[in-house]
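One letter stands for each residue in the lines below.
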Amino acid sequence: MTYRDVFIGELSDGADPLDWGGNWNGNVPQAVSTTFPPHGGGMLGELPFSQLQDRISSGKFQGKQVDWGGWAAKVTRQEILDFIAEVYLGDEWYTDPKLMPHLYQNMQTLIAYVRGLPEDRAFALVATEL
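Below: a short report on this structure. The shown structure was predicted, so the numbers you read here are calculated from the model rather than taken from an experiment.

Procedures and definitions
Residues numbered from 1 in each chain as written. Predicted model: local features only at pLDDT ≥ 70, side-chain atom pairs only at ≥ 80, totals over all residues. Heavy atoms only, no water. Helix = DSSP H or I, 4+ residues; strand = E, 2+ residues; numbered from the N terminus. Rg over C-alpha atoms; globule rule 2.2 N^0.38 Å. Buried < 20%, exposed > 50% of the residue type's maximum accessible area, 1.4 Å probe, protein only. Contact = heavy atoms within 4.5 Å. Areas by Shrake-Rupley, 256 points an atom, 1.4 Å probe, with all protein chains shown as cover. Lys, Arg positive; Asp, Glu negative; His and termini not counted. Charge placed at Lys NZ, Arg CZ, Asp CG, Glu CD. Pairing = 2+ DSSP bridges. Salt bridge = Lys/Arg side-chain N within 4 Å of Asp/Glu carboxyl O. Axes fitted to C-alpha atoms, helices over the stretch in contact; angles between N-to-C directions.

Overview of the overall build of the protein chain
Within the protein chain, the secondary structure is distributed over four helices and four strands. The C-alpha radius of gyration of the protein chain comes to 14 Å, within 12% of the 14 Å expected for a compact globule of 130 residues. With respect to the three principal axes, the spread of C-alpha positions in the protein chain is 45 × 35 × 25 Å. For the protein chain, the proportion of its 130 residues judged to be buried stands at 39%. Partitioning the intrachain contacts of the protein chain with sequence separation of at least 6 by distance along the chain shows that 70% fall at a separation of at least 24. As displayed, the protein chain offers around 7100 Å² of accessible surface, 52% of which is attributable to carbon and sulfur atoms. Computed over 9 positive and 17 negative side-chain charges, the inter-centroid distance for the protein chain is 4 Å.

Set out below in structure tokens:
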């Protein structure tokens with residue numbers, strides 16, 4: 001089974017903020033957040049993963065493919081919050097604590113983490129496929 005994850009990582013402190021010194025196998029940062037909750041049909045995590053790829057390929061997010069199965073974008077805290085709002089829009093599993101309590105709680109934990117990030121810094125929003 002293929003897993004498609006999205007998470008937040010730190011930017012590289014090198015010349016390229018989206019290059020962590022690896023090659024095409026392992027050139028993604030370590031996650032500093034939990035993975036974004038699964039959403040969408042098909043493979044686990046399909047929608048957050050594909051939406052992040054779309055935003056990178058369209059130029060909405062400054063990013064690129066950084067690994068054979070990894071993409072990363074340089075984003076602000078507000079861009080991450082907007083991404084979450086857009087991807088999970090209207091999905092009651094993530095907004096109604098009675099329907100799927102564990103998914104609701106996972107989302108609340110992620111949102112609280114993102115809201116706690118500094119406003120004056122950028123971060124890596126990362127999509128990986130394993």
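Side note on the pairing of strand 3 (residues 70-76)
Of all seven residues in strand 3, five are buried, a share of seventy percent or more. Pairing between strand 2 (residues 62-67) and strand 3: five bridges, direction antiparallel. The partner of K64 across the bridge, within strand 3, is A72. Turn length for the strand 2-strand 3 hairpin, with the two strands adjacent in sequence and antiparallel, is two residues. Sheet analysis places strand 3 next to strand 4 (residues 122-129), joined by seven bridges and oriented antiparallel.

A short note on the pattern of salt bridges
Side-chain pairs of opposite charge can arise where the charged atoms are in close proximity. For the structure on display, the rule yields six salt bridges. As a salt-bridge pair, K60 and E86 come within 3.6 Å of each other at their nearest N and O atoms. Of this pair, K60 sits in the loop between helix 1 (46-58) and strand 2 while E86 is found in helix 2 (residues 77-87), placing the two residues 26 residues apart along the sequence. Across the salt bridge formed by E119 and R77, the nearest N and O atoms sit 3.2 Å from each other. Taken together, the positions of E119 in the loop between helix 4 (101-115) and strand 4 and R77 in helix 2 put the pair 42 residues apart, joining distant regions of the chain. The exposure class assigned to E119 is exposed, which follows from its relative accessible area of 64%. Shared partners join several salt bridges into a network, and the residues in it are R55, K60 and E86.

As for the sheet that holds strand 4
On the basis of which strands lie adjacent, the open sheet formed by four strands has the order 1-4-3-2 and antiparallel pairing. The sheet terminates laterally at strand 1 (4-9) and strand 2, the two strands that pair on one side only. The average undirected angle you get between the axes of adjacent strands in this sheet is 25 degrees. Relative to the sheet, helix 2 contacts strand 1, strand 3 and strand 4, its axis offset from that of strand 3 by approximately 115 degrees.

Observations regarding the environment of G63
Relative to the elements of secondary structure, G63 occurs in strand 2. Each C-alpha atom, one on G63 and one on G14, is 15 Å from the other, the two residues being 49 residues apart in sequence.

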